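Residue strings, one per chain:
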Amino acid sequence: MFGVAVPGKVYVFRLPYGEDLLAAVKTAAETVKAEAGVFWIIGAVQKGEISFYNQSEKKYVRKSFDQPMEILSCIGNVSKLKGETLIHAHIALGDETGKAYGGHLEKGTIIFAAELFLLKLEGIQLTREYDDTTGLNLFSL
């Protein structure tokens, strides 16, 4: 299945120092009333929380980084789950040695400096529903 969306406006945000990255993206999306969107972020975090989805156990395994790290890349989308704004993002973080870690962005990733570009999509509402096969909340187009 697929849906068709029309690119809308691009919004640019400087996300607040010391705030949770996932929560800050959600606030930004809700500020511009994005029902659907895509985004990307660069910057740095004071500490990070990521996870990896274990497909056989159908659960997320978390990894914490209690150190400053660079946001090498962070991309994601904005959708709705049970009427609430849902931010789904994957992030690559780099440490001081240049080693990179990546996974699903989790709560507890604290902003040092972050620049967000949010493309609000028009003509489509991205909603999610639970999928028995994967154990994930996937798009319902």
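Calculation notes
Residues numbered from 1 in each chain as written. Predicted model: local features only at pLDDT ≥ 70, side-chain atom pairs only at ≥ 80, totals over all residues. Heavy atoms only, no water. 1 Å grid on protein atoms, 1.4 Å probe; cavity = no way out; pocket = protein on both sides within 12 Å on 5 of 7 lines; lining within 4 Å. Points joined across faces, edges and corners; volume = space filled by probe spheres on them. Helix = DSSP H or I, 4+ residues; strand = E, 2+ residues; numbered from the N terminus. Nonpolar A, V, L, I, M, F, W, Y, C, P; charged D, E, K, R; others polar. Salt bridge = Lys/Arg side-chain N within 4 Å of Asp/Glu carboxyl O. Buried < 20%, exposed > 50% of the residue type's maximum accessible area, 1.4 Å probe, protein only. Contact = heavy atoms within 4.5 Å. Polar contact = N/O pair within 3.5 Å; in protein donor to acceptor, adjacent residues only side chain to side chain.

**Describing the layout of surface pockets**
1) Next: Approximately 630 Å³ is the volume found for the largest pocket.
2) Next: As for the largest pocket, its lining consists of 24 residues, of which Tyr-60, Leu-86, Ile-87, His-88 and His-104 are closest to the centre.
3) Next: Within the residue set of the lining of the largest pocket, elements represented by two or more residues are helix H1 (21–31), strand E2 (37–54), strand E5 (84–94), strand E6 (100–105), strand E8 (128–131) and strand E9 (136–139).
4) Next: Of the residues contributing to the lining of the largest pocket, the split by class is 11 nonpolar, 8 polar and 5 charged.

**Examining the pattern of salt bridges**
When the charged atoms of two side chains lie near each other, side chains of opposite charge can form a pair.
1) Next: Enumeration according to the criterion identifies 3 salt bridges in this entry.
2) Next: A salt bridge links Glu-49 to Arg-62, with the nearest nitrogen and oxygen atoms 3.2 Å apart. Here Glu-49 is found in strand E2, whereas its partner Arg-62 is found in strand E3 (residues 59–65), with 13 residues between them in sequence.
3) Next: Across the salt bridge formed by Arg-62 and Glu-106, the nearest N and O atoms sit 3.4 Å from each other.

**Brief notes about the environment of Glu-49**
1) Next: With relative accessibility at 15%, the residue Glu-49 sits in the buried group.
2) Next: Along the primary structure Glu-49 and Asp-66 are separated by 17 residues, whereas in three dimensions their C-alpha atoms are 8.7 Å apart.
3) Next: Discounting chain neighbours no more than four positions away, the residues touching Glu-49 are Arg-62, Lys-63, Ser-64, His-104, Leu-105, Glu-106, Lys-107, Gly-108 and Thr-109.
4) Next: A distance of 3.2 Å separates a polar atom in the side chain of Glu-49 from a polar atom in the side chain of Arg-62.

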